[in-house]
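# Fold and contact review
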Amino acid sequence: MIKRVRQVCCVLLAGAAVAMAGVPLADLQARLDTGEDLLLEPGSEWELSAPLRFRVPGQRIETAGDVLPSQYARLRLAPGLAGTIISGEGVSGISIRKLVLDGNRDHFDRETGTLPARPFVDLGGSGAVAQTVSRCILLNTRCSGGWGALHVREGGRDIQVTDNVVVGSGPDLRGNGTAPQELPYGWGDGISTASPDSLVRNNLIIDATDQGIMVQGAPGTLVQSNVVAAVSREMLAGIALYEPFFDYRMSPPEAERYDYSGVVVERNLIDAFGGRIHVAIPMGPAAWNGRLLGKTLVGATVRENGLSGHAMGYGYVVNGVDQFTVVSNRSEAVFSGLGDGFKGRKPEPPAAFLYAPSSVGSSVLQSEFRPASSNLVGVLRNGWEPRNARGFRSVGYGDAELEAVIRAAFLEMLGRYPLQGELTHWSDWLMTSEVNADFLRVQLMVSPEFVQRFGRVSPDGLHAWRGRRWLPMIVEGIEKLSDGAPQEWPPARGLHAYLWVQLHVR
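Note that this is a predicted model, so its numbers are computed, not measured. (Residues numbered from 1 in each chain as written. Predicted model: local features only at pLDDT ≥ 70, side-chain atom pairs only at ≥ 80, totals over all residues. Heavy atoms only, no water.)

### A closer look at the sheet that holds strand β22 (residues 257-259)
- Pairing in this open sheet of 3 strands is parallel, and the strands run β22-β26-β30 from one edge to the other. Looking at the sheet topology across the chains shown, the edges are occupied by β22 and β30 (321-322).
- Bridge count for strand β26 (residues 296-298) against β30 is 2 bridges, and the pairing is parallel. Bridge pairing in β30 links Val298 to Asp322. (Pairing = 2+ DSSP bridges. Helix = DSSP H or I, 4+ residues; strand = E, 2+ residues; numbered from the N terminus.)

### Some thoughts on helix α5 (residues 437-445)
- Taking burial as the measure, the 9 residues of α5 include 7 buried ones, the bulk of the element.
- For α5, the set of buried residues is Ala437, Asp438, Leu440, Arg441, Val442, Leu444 and Met445.
- Packed against the buried residues of α5 are α3 (399-414), α4 (420-432), α6 (448-454) and α7 (462-481).
- Capping the start of α5 is the job of one residue whose side-chain oxygen sits 3.1 Å from the backbone nitrogen of Asp438: Asn436. (Buried < 20%, exposed > 50% of the residue type's maximum accessible area, 1.4 Å probe, protein only. Contact = heavy atoms within 4.5 Å. Polar contact = N/O pair within 3.5 Å; in protein donor to acceptor, adjacent residues only side chain to side chain.)

### Looking at unusual backbone geometry
- Omega for the bond connecting Ser251 with Pro252 falls within 30 degrees of zero, at -5 degrees, which places this linkage in the cis form.
- A positive phi angle, near 60 degrees, is found at Arg267, a position not held by glycine.
- Here Arg267 lies in the loop between β23 (264-266) and β24 (269-271).
- The class of Arg267 is partly exposed, set by a relative accessible area of 40%.
- Non-glycine residue Glu304 carries a positive phi angle of around 60 degrees.
- With respect to the helices and strands, Glu304 occurs in the loop between β27 (301-303) and β28 (306-308).

### Remarks on the pattern of salt bridges
- By the definition in use, this model includes 28 salt bridges.
- Here Glu266 and Arg303 are joined by a salt bridge, their closest N and O atoms 2.8 Å apart. Here Glu266 is found in strand β23, whereas its partner Arg303 is found in strand β27, with 37 residues between them in sequence.
- A salt bridge links Glu412 to Arg466, with the nearest nitrogen and oxygen atoms 2.7 Å apart. (Salt bridge = Lys/Arg side-chain N within 4 Å of Asp/Glu carboxyl O.)

### A word on the confidence of the model for the protein
- Residues with a pLDDT of 70 or more make up 93% of the protein, whose mean pLDDT is 90.
- Taken together, the stretch residues 1-26 has pLDDT below 50 and engages in 58 contacts with residues farther than four places along the chain or on a different chain. (pLDDT = per-residue confidence, 0-100.)

### Focus on the nonpolar core
- Counting 75 residues, the largest nonpolar core has Leu75, Ile86, Leu99 and Leu241 as the members making the most contacts within it.
- Looking at which element gives the most residues to this core, the answer is strand β25 (residues 277-283), with 4 residues.
- The contact partners of Leu75, leaving out residues within four places of it in the chain, are Leu28, Leu40, Trp46, Leu48, Leu52, Ile85, Ile86, Leu99, Val100, Leu101 and Asp102.
- Judged by nonpolar contacts, the second largest core, of 29 residues, contains Val100, Phe273, Trp489 and Ala492. (Core = buried A, V, L, I, M, F, W, Y, C linked by side-chain atoms within 4.5 Å.)

Dropping the structure here:
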C-alpha cells in the first residue's frame, strides 16, 4: 500500500504499516527538520517526489541496525522532474549508509524530455566537513548535465565516499541508457569531487557516461581501489584529472596553473568490457578539449592502476601537467577508434601510454610512455559527428570495440556470448544503421531465447529490467563475499569479478 502525505516537501511514503525505528509512520523530511536522525526500518520502501535534505550537523540517514544489503531500506524517486534524492550540501558530519537509492530514471517527466542539471546525491558545499557515504547501492540514477550520481561540491573538506556500488548514471553520446522519449544529453559522472582531502575508496561504478570518477582539483584527495566498468554505455573517461577548476587556480592567475597537489589515484581498475571508454585516465586539460590548451594542472600522483577490456579508446594520456608522477601503471586493454582531435587535426592513434613532450613540465613518467609524434589534443571520439534522427551522435565503432559491444549485450541479455554467425550479423547491422547497443538489447529481448529465460518484457522496460537483473546479483555478491557479516564489505575488484561470472550462469 502507498500512502501520499502532502506536506511542504511532498514526500510519498510506501508501506503504511511500516514504522520507522519504532516511530509511527511520518513525513521523512519533517523528521529531518526536527534535527533527528532518519533510521529506516529494514526492508522498507519509500518513494520521494522531492529530495531529502539534511538540516543539522551529524545527522544520519540509514537503515536501522546491523543489516545485510538484502535488508536495506530503499528510497526511490517518484515520477516527475526531481533529480536529486538526498542533499547534504553545506552540512558537516552527516552520513548516508546502508541504503538502496533508486533514481527510477525511466519515469522522469517524459513530456519535458530532459532532466534538470543536478546531482543525484549532493554533498560538500561551503563549510561542510567530514561527510560520509558508505555501503549504499545507487541504481538508474536521475542525475543529468554532467553532474554525478554522487557529487561532492567545492567548499567542503574531508568527505569520504567508500564501499558503494553505482549502476547507471545518465545516457551516453549514442543514446544508450535513455528513458523513453528522453532528449540529448543527460550524461552523468559516477562519483565526482571538488572538495580537498576527500577519500574515494573501494567503490564499484558501472555504466557512468561522463566520467566514472571525476577529480576537480580537490588537493589532497585519495582515489584508491575503485573499479570503473563500462558494460552497456559509453563513458568519456574512467578516472579524470583534466579540469582547470577555478577554485584551485594558483598564483599568479595569468599563469593558468591549477592545484592538484597531493591528489593520489592508485590501485584502481578501469574495464572497458562492453562500452567504449574514450580515455581511461586523462591527465591535463588539452588531452580532453582543445579549448583548454595552455592550462596546466600541477602536482598529482597516478600509480599502480590497471586497464582491461576490448572497448577502450585511449589509455593513460598526459598533456598539460607539471610535477605529476605517473608510475607503475599497467594495461591489458585493447585500444581502437581514432579520437576527434581539434580544429581538423586528428590526434595520435589510440595506445596505452601517450604524452605530449612539450606539455608535461618536470613530471616523472614511467618508461612505457611514448611521446606523441603528432597531435594529442581532443582524444574523445564522437563529440562532433552528425546527429541521428533521435538527436544523438552516430559514428562507426573501432574494430575491437564493436565486437566487445556485441559480446557484452549477448552476455547481459542471454547469459552467453554470440556465435560467430551472430557476431557477424549484428556487427554488420550496427555498422550500417544509426541505432545503438540498446536497440541491439531490445532485439535480443524479443527473441524466443530471452522470453523462455526471463519472460516477456516491454522494450520500454529495458532499463527497469536491467535493474532487476543486476540488483539481486550485487546484493548476493556483497553478502557471499563478506561471509554474511553485516559489518564487512568486499573489495570492489572481487565484486566486479563475481558479477561477471554471474552473468554467465543466470
